[in-house]
Structure formats: structure tokens, C-alpha cells
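Chain by chain, the residues run as shown.
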Amino acid sequence: MNFIRFSDLCASGQVAGKRVFIRADLNVPLDASGNITEDTRVRASIPCIQMALDAGAAVMVTSHLGRPVEGEFKPADSLAPVAKRLGELMQRDVPLASNWVDGVSIKPGEVVLLENCRLNKGEKKNDDALARKLAALCDIFVHDAFGTAHRAEASTYGIAQYAKVASAGPLLAAEMDAISKALTDPRRPLVAIVAGSKVSTKLTILKSLANNVDQLIVGGGIANTFMLAAGLKIGKSLAEADLLPEAKAVIEAMKARGAAVPIPVDVVTAKTFAADAQATVKAATDVADDDLILDIGPQTTAQLAAQLMAAGTIVWNGPVGVFEFEAFSHGTEGIARAIAKSSAFSIAGGGDTLAAIAKYGIEKQVDYISTGGGAFLEVLEGKTLPAFEILQKRAAG
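Residues numbered from 1 in each chain as written. Predicted model: local features only at pLDDT ≥ 70, side-chain atom pairs only at ≥ 80, totals over all residues. Heavy atoms only, no water.

Caption draft 1: Here's a closer look at the overall build of the chain. The number of helices and strands found in the chain is 14 helices and 14 strands. In terms of overall size, the chain behaves like a compact globule, its C-alpha atoms giving a radius of gyration of 23 Å where 397 residues would be expected to give roughly 21 Å. Over its C-alpha atoms, taken along the principal directions, the chain stretches across nearly 70 × 45 × 35 Å. Residue burial in the chain is summarised as follows: out of 397 residues, 53% are buried. The averaged location of the 44 negative side-chain charges in the chain is 3 Å from the averaged location of its 40 positive side-chain charges. (Helix = DSSP H or I, 4+ residues; strand = E, 2+ residues; numbered from the N terminus. Rg over C-alpha atoms; globule rule 2.2 N^0.38 Å. Buried < 20%, exposed > 50% of the residue type's maximum accessible area, 1.4 Å probe, protein only. Lys, Arg positive; Asp, Glu negative; His and termini not counted. Charge placed at Lys NZ, Arg CZ, Asp CG, Glu CD.)

Structure follows, in C-alpha cells:
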């Protein structure tokens with residue numbers, strides 16, 4: 001992907017004395033008293049802000065927080081706790097400016113946080129007049145919020161359209177590089193793991209990947225539907241019988257390309273869905289009518305691990321079993337350990353996937369961990385994200 005990197009602008013001295021507008025993702029969780037309960041996104045945004053300050057820029061930063069009603073300010077929607085935390089982490093004063101659309105007073109070497117951008121009327125609909133006003137505030141626009149890259153809003157897309165220069169910050173650039181490496185020009189074989197409770201929520205992803213990957217590993221409730229499609233019994237396991245034709249179509253599409261959807265050869269079952277339920281390993285052909293399949297079995301785990309060890313690129317979205325319950329966590333752990341050991345380029349994303357990565361402590365062995373849930377899924381669906389599209393267009397123009 002061809003786009004302007006903010007780091008390159010800084011390195012070449014093009015940022016000194018300039019007004020820089022950074023669209024960050026500071027949408028952090030707050031408790032009832034308005035305190036930040038988890039500050040990863042704030043910490044992740046600091047390198048871009050510091051890069052701009054070190055380059056001699058006058059720095060404006062904004063983000064959305066929650067889902068406020070445009071034009072109606074409520075204290076709960078304020079970025080005040082974020083300004084406080086940013087100041088603590090950067091060891092400097094970070095003032096918060098409200099009603100900033102018509103102008104911001106700021107000098108080089110200063111940083112100001114602009115109040116919740118979703119309070120601006122026309123933000124979500126990418127209002128043209130608002131986008132032009134935002135662009136007029138700066139000399140350089142920096143998009144550094146991958147979590148919003150799938151939305152075309154005034155502070156993510158419109159401003160990039162009209163700003164003198166539109167660039168990708170270090171967080172967004174890293175996502176663009178990793179996605180390009182994994183999906184646009186992958187080292188083969190390319191193996192994708194797509195797991196979750198329902199085929200319906202991941203159907204477009206499965207169809208898109210079926211045209212590109214060499215092995216499509218399905219897990220969780222999705223695997224149960226594929227087992228049904230392959231003629232196996234799944235007892236009372238979670239599945240979507242009405243989507244059997246779709247699952248069969250994915251299997252056939254892969255087969256036609258000489259690729260495969262590996263169907264489990266053994267599974268771990270229980271009679272009830274509970275952490276203390278007795279786990280029983282069974283051949284996939286021996287599932288009883290009153291069984292619940294809650295994980296893949298050791299033989300299947302070993303087969304899939306071997307495929308992952310031989311992969312050139314791995315894309316991982318979703319645990320393959322109920323990994324929150326210890327007795328049904330071994331399949332996901334086996335997959336995680338294989339990814340960690342594999343020499344493949346690996347990219348992972350999605351909330352449950354991140355939880356599994358953290359549980360097994362393999363953060364350093366996964367090459368790229370994507371932070372944008374919805375944006376990451378849309379990339380897997382084969383969609384071009386609005387942020388990527390406009391930044392590439394501006395780089396070309």
C-alpha cells in the first residue's frame with residue numbers, strides 16, 4: 001500500500017513549525033465515577049504525539065469517546081479524564097479545548113486535546129462543511145486510529161480529503177503494513193483460523209478467505225456447522241442448520257482450488273455447558289445425541305498445529321473452543337503454542353483472540369496483534385477500509 005508516513009515527514013524536517021492534527025483512538029473504558037479503568041489506547045497513542053512534538057509541531061489531538069449525541073454535551077462524554085491521564089504519562093500539561101471547530105490557538109512545542117469529536121454536528125455523516133473546517137485547522141493531518149479506519153467520518157475521512165497533507169501515524173501505518181503483508185502479498189501457504197459461535201456473523205469473511213487462503217481452519221460453533229455439512233453428527237451442539245448450503249459452498253470453493261477446510265477428527269464433549277462439566281474426548285464420528293462439542297480433540301489439535309508449523313502466513317481470528325473453561329481450553333492453547341513456534345508471519349485480531357494470546361503469554365511471538373475489532377474483521381471480509389482508501393488516494397495525488 002502506498003501512503004504518506006508521518007514518521008517520514010518528521011524525519012525529513014517537514015513538520016517543524018507546522019500545525020499537526022492527530023486523529024487518535026482514545027476511546028477508553030470509564031467507571032461510574034468517570035475514571036479510566038484500562039489505559040492501553042492512551043499509552044499506544046503517545047508515540048505519535050511525542051513524534052510530532054519532537055519534530056517541532058504545534059499538536060492538536062482528538063478522539064471519540066463513547067456514543068454521545070451530536071451537539072449535546074454531557075460531562076460523561078468529556079475527554080477530561082483522558083487529558084488528565086495523557087498529562088500524567090507524558091509528564092506535561094495537556095489542556096482540553098472545547099468548541100474548537102472554528103479555531104485553535106496553539107504554538108509549536110505545545111499539545112492540546114480537542115474535546116470528543118463525536119460531539120460535533122455532522123461528524124458521523126462526514127458532513128462536507130465540517131470536514132473542510134477541520135482541515136483548515138492544520139497543515140498536516142495524521143490518522144492514527146485503526147479502530148475507526150472502517151468508518152468514513154469527518155475526523156477520519158473528510159479531513160483527510162481536504163487537509164494540505166494527509167498521512168498515517170505509526171499505529172495506523174503498522175496496521176496497513178501488517179495487513180498488506182498478510183493478505184495482499186502473503187508468503188504461502190496462507191492459513192486462516194476463523195472461529196466464533198456463529199457462521200452467520202463470519203459468513204462474508206469465510207467466503208472472502210475461501211478465495212485466497214490455502215487452509216481455512218474453522219473453530220467454535222462455526223466448526224460444528226461445517227461438521228454437519230460434512231455429514232457428521234454434532235448432538236445438541238451450537239450450530240446453524242439453515243446455513244449448511246453456505247458451509248458446503250465454502251468447502252467446495254476451497255476444494256476447487258486444491259485448498260481445504262480441515263474437519264475435526266476428534267472433539268471434546270460434555271453433557272452440560274459449565275466450567276465443571278466432565279470433558280470426554282471422542283472421535284468426531286462418535287458424538288452422541290445429548291453431547292455438546294466444546295473443543296477440538298488432541299488429534300485434531302496436533303494435525304492443525306502441524307499445518308501451522310508449515311505455514312508461511314497465519315491470520316488468526318477467534319479461539320477454537322470454550323477456552324475460558326480449563327477442561328475445554330487445550331485446543332485453543334495448542335493452536336496458540338503452534339502459532340508462537342511457527343516461523344510464519346502471524347497476524348491476530350478480535351477481542352477473544354487477544355484474550356487467548358494474553359492467557360497463554362504469547363504476545364511477543366505473534367508478529368502483529370491488531371487492535372481494531374470491527375476494522376480488522378472488515379479487512380478479512382475483503383473490504384477496502386475508507387481510511388486506507390483516502391490515504392492512498394492522497395499519496396497518489
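Caption draft 2: Spatial organisation of helix α12 (residues 351–359). Restricting attention to buried positions, one finds in α12 the residues Thr 353, Ala 356 and Ile 357. Down the axis of α12, the buried side of the element spans an arc of 100 degrees, and every buried residue falls inside it. Looking at the buried residues of α12, the elements they touch are β12 (313–317), α11 (330–341), β13 (345–348) and β14 (368–369). Following α12 by one or two positions, Gly 361 adopts a phi angle in the positive range, close to 60 degrees. (Arc of directions from axis to C-beta. Contact = heavy atoms within 4.5 Å.)

Caption draft 3: Structural context of the pairing of strand β2 (residues 58–62). Judged by how many residues are buried, β2 sits mostly within the fold: 5 of 5 residues are covered. Of the two faces of β2, both are covered, the one formed by Ala 58, Met 60 and Thr 62 as well as the one formed by Val 59 and Val 61. Both strand β1 (residues 19–23) and β2 contribute to a ladder of 5 bridges, which runs parallel. Paired with Ile 22 across the two strands is Val 61, which belongs to β2. Between the parallel elements β1 and β2, the chain passes through helix α2 (residues 40–54) in a crossover that is right-handed. Of the pairings in the sheet, the one linking β2 to strand β4 (residues 111–114) comprises 4 bridges and is parallel in character. (Pairing = 2+ DSSP bridges. Right-handed = clockwise from strand over helix to strand, strands pointing away.)

Caption draft 4: Fine view of the pattern of salt bridges. Counted under the stated rule, the structure contains 20 salt bridges. The residue Asp 177 makes a salt bridge to Arg 5 at a minimum N-O spacing of 2.8 Å. You can see Asp 177 sitting in helix α6 (residues 170–184) and its partner Arg 5 sitting in the segment before α1 (6–11), a full 172 residues away along the chain. According to the relative accessible area criterion, Asp 177 is partly exposed, its value standing at 34%. Classification of Arg 5 by relative accessible area gives partly exposed; the value is 27%. For the salt bridge of Arg 43 with Asp 39, the shortest nitrogen-to-oxygen distance reads 3.1 Å. Assessed through its relative accessible area of 45%, Arg 43 is described here as partly exposed. The network of salt bridges with common partners includes Asp 39, Arg 43, Lys 84, Arg 85 and Glu 88. (Salt bridge = Lys/Arg side-chain N within 4 Å of Asp/Glu carboxyl O.)

Caption draft 5: Layout of the sheet that holds β2. Sheet architecture is open: 6 strands sit in the order β3-β4-β2-β1-β5-β6, paired in parallel fashion. A strand with exactly one partner marks an edge of an open sheet, and here the two such strands are β3 (96–97) and β6 (165–168).

Caption draft 6: Structural view of the packing of helix α7 (residues 199–210) against helix α9 (residues 244–256). At their nearest, the axes of α7 and α9 sit 9 Å apart, and the two run at 15 degrees to each other. As summarised for this structure, α7 and α9 are arranged roughly parallel, according to the angle between their axes. Crossing geometry of α7 relative to α9 is assigned as left-handed. Seen from α7, the contacting residues are Leu 203, Leu 206, Lys 207 and Ala 210; seen from α9, they are Glu 246, Val 250, Ala 253 and Met 254. Grouping the constituent residues of the contact of α7 with α9 by class yields 6 nonpolar, no polar and 2 charged. (Axes fitted to C-alpha atoms, helices over the stretch in contact; angles between N-to-C directions. Parallel < 35°, antiparallel > 145°, perpendicular 65-115°, else oblique. Left-handed = near helix turned anticlockwise from the far one by under 90°. Nonpolar A, V, L, I, M, F, W, Y, C, P; charged D, E, K, R; others polar.)

Caption draft 7: Up close: the sheet that holds strand β10 (residues 280–283). Taking strand neighbours across the sheet as the criterion, the 3 strands line up as β10-β9-β11 in an open arrangement whose pairing is antiparallel. Single-partner strands in this sheet number two, and they are β10 and β11 (292–296). Direction aside, the axes of adjacent strands within the sheet are offset by 45 degrees on average. Inspection of the sheet shows strand β9 (residues 266–270) paired to β10 by 4 bridges, in the antiparallel sense. Bridge assignment links Val 268 to a residue of β10, and that residue is Val 281.

Caption draft 8: Expanded view of the nonpolar core. If you look at the biggest cluster of nonpolar residues, it comprises 69 residues, and the most contacted ones within it are Leu 216 and Phe 226. In terms of residue count, the dominant contributor to this core is α6 (7 residues). The contact partners of Leu 216, leaving out residues within four places of it in the chain, are Ala 192, Val 194, Leu 206, Leu 209, Val 250, Met 254, Ala 260, Val 261 and Pro 262. Listed in part, the 30 residues of the second largest apolar core include Phe 6, Cys 48, Ile 49 and Ala 55. (Core = buried A, V, L, I, M, F, W, Y, C linked by side-chain atoms within 4.5 Å.)

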